[in-house]
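The lines below spell out each chain.
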Amino acid sequence: MEKPAVTEHPIHDLIRRRWSPRAFTPTPVEAEKLASLFEAARWAPSSFNGQPWHYIVATKDDHAAFERLLNCLRPQNVQWAQHAPVLIIAVAQLAMSPERGPNRHAFHDVGLANENLVLQAVALGLAAHQMAGFFPDKARATFNIPEGYEALTAIAVGYPGDPENMPEETKARELQPRERRPLSAFVFSDRWGQQWTTEGGEEE
Ligand SMILES: Cc1cc2nc3c(=O)[nH]c(=O)nc-3n(C[C@H](O)[C@H](O)[C@H](O)COP(=O)(O)O)c2cc1C
């Protein structure tokens, strides 16, 4: 299923078509394609080129590893993410180095890498769905994530599936229209809250 963004202004087709489905087909993701997702993440920009991103990946063909990662997700995500063939946890390194102290942009930069990964997935005919709904402490214990690193986001990846076979509630969410605040609510000029317009000049 596709759910392209209805935009106020033209955007790149990849961005328009990216969305967060919960329905996946059981088709495994080719190892080469999976490697391309991490390659895309690798080439994200980052503050001082600190590259704070790390990933833990589990594919369904390794049943035990997949179950271990699945068990770190919150139940409401397990319900649909169990059907995705790939699960990932994105981890941030919190300091550039022990000497340089905290990296204020670590989370920001892992987000950039994640979006690269997600858009690369769309380009390859895949879909990726990010999740805050997981237990970071459980992920730390399960995968030996060291101090100084923090599990930030889980990501389900696979080929988008048919929502028809989903439980009613999940299916209804899947079919809901995608919504966003208008540009006027978050792009300001001159001062905070002052709408920026393409025409220039102030608005009442
Ligand atoms: C950091 C992050 C955490 C998210 N956590 C969850 C989650 O735990 N469960 C879920 O079903 N969706 C989750 N989402 C998906 C968002 O709900 C989704 O991106 C948002 O509703 C916009 O929809 P779209 O991605 O289809 O455009 C998360 C997305 C992001 C970026």
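As a reminder, the structure under discussion sits directly above these lines.
Predicted model, so just to flag it, every value in this text is computed and none were measured.

Rules behind the numbers
- Residues numbered from 1 in each chain as written.
- Predicted model: local features only at pLDDT ≥ 70, side-chain atom pairs only at ≥ 80, totals over all residues.
- Heavy atoms only, no water.
- Phe/Tyr/Trp six-rings, centres within 6.5 Å; stacked < 30°, edge-to-face > 60°.
- Helix = DSSP H or I, 4+ residues; strand = E, 2+ residues; numbered from the N terminus.
- Lys NZ or Arg CZ within 6 Å of the ring centre and 35° of its normal.
- Salt bridge = Lys/Arg side-chain N within 4 Å of Asp/Glu carboxyl O.
- Buried < 20%, exposed > 50% of the residue type's maximum accessible area, 1.4 Å probe, protein only.
- Pairing = 2+ DSSP bridges.
- Axes fitted to C-alpha atoms, helices over the stretch in contact; angles between N-to-C directions.
- Contact = heavy atoms within 4.5 Å.

Participant: Just to check I follow, could you spell out the packing of aromatic side chains for this structure?
Facilitator: For the coordinates displayed, the defined rule picks out two aromatic pairs. For the ring pair Phe-38 and Tyr-55, a centre distance of 5.4 Å and an interplane angle of 45 degrees mean the geometry is tilted. Taken together, the residues Phe-38 in helix H2 (residues 31–42) and Tyr-55 in strand E1 (residues 53–59) connect sequence positions 17 residues apart. The interplanar angle of 75 degrees and the centroid separation of 4.6 Å between the aromatic rings of Phe-188 and Trp-192 together place this pair among those described as edge-to-face. Across the ring face of Phe-48, the terminal group of Arg-100 is positioned such that the distance to the ring centre comes to 5.0 Å.

Participant: Which parts of the structure should I look at to understand the pattern of salt bridges?
Facilitator: Two side chains of opposite charge can pair, provided their charged atoms sit close to one another. Applying the stated criterion to the full structure yields six salt bridges. Across the salt bridge formed by Asp-13 and Arg-17, the nearest N and O atoms sit 2.9 Å from each other. Separated by four residues within a single helix, Asp-13 and Arg-17 lie in helix H1 (residues 13–17), roughly one turn from each other. Looking at Asp-13, the relative accessible area reads 33%, which means it is partly exposed.

Participant: Would you explain the sheet that holds strand E2 (residues 86–93) in this entry?
Facilitator: Backbone hydrogen bonds are what pair the strands of a sheet, in a parallel or an antiparallel way. If you trace the four strands from one edge of the open sheet to the other, you get E1-E2-E4-E3, paired in antiparallel fashion. Every interior strand has two partners, whereas the edge strands, E1 and strand E3 (127–131), have only one. Each strand of the sheet is rotated relative to its neighbour by a mean of 25 degrees, with strand direction disregarded. Bridge count between E2 and strand E4 (residues 149–158): eight bridges; the pairing is antiparallel. Directly across from Ala-90, in E4, lies its bridge partner Thr-153. Along the sheet, H2 makes contact with E1, E2 and E4, crossing E1 at roughly 170 degrees.

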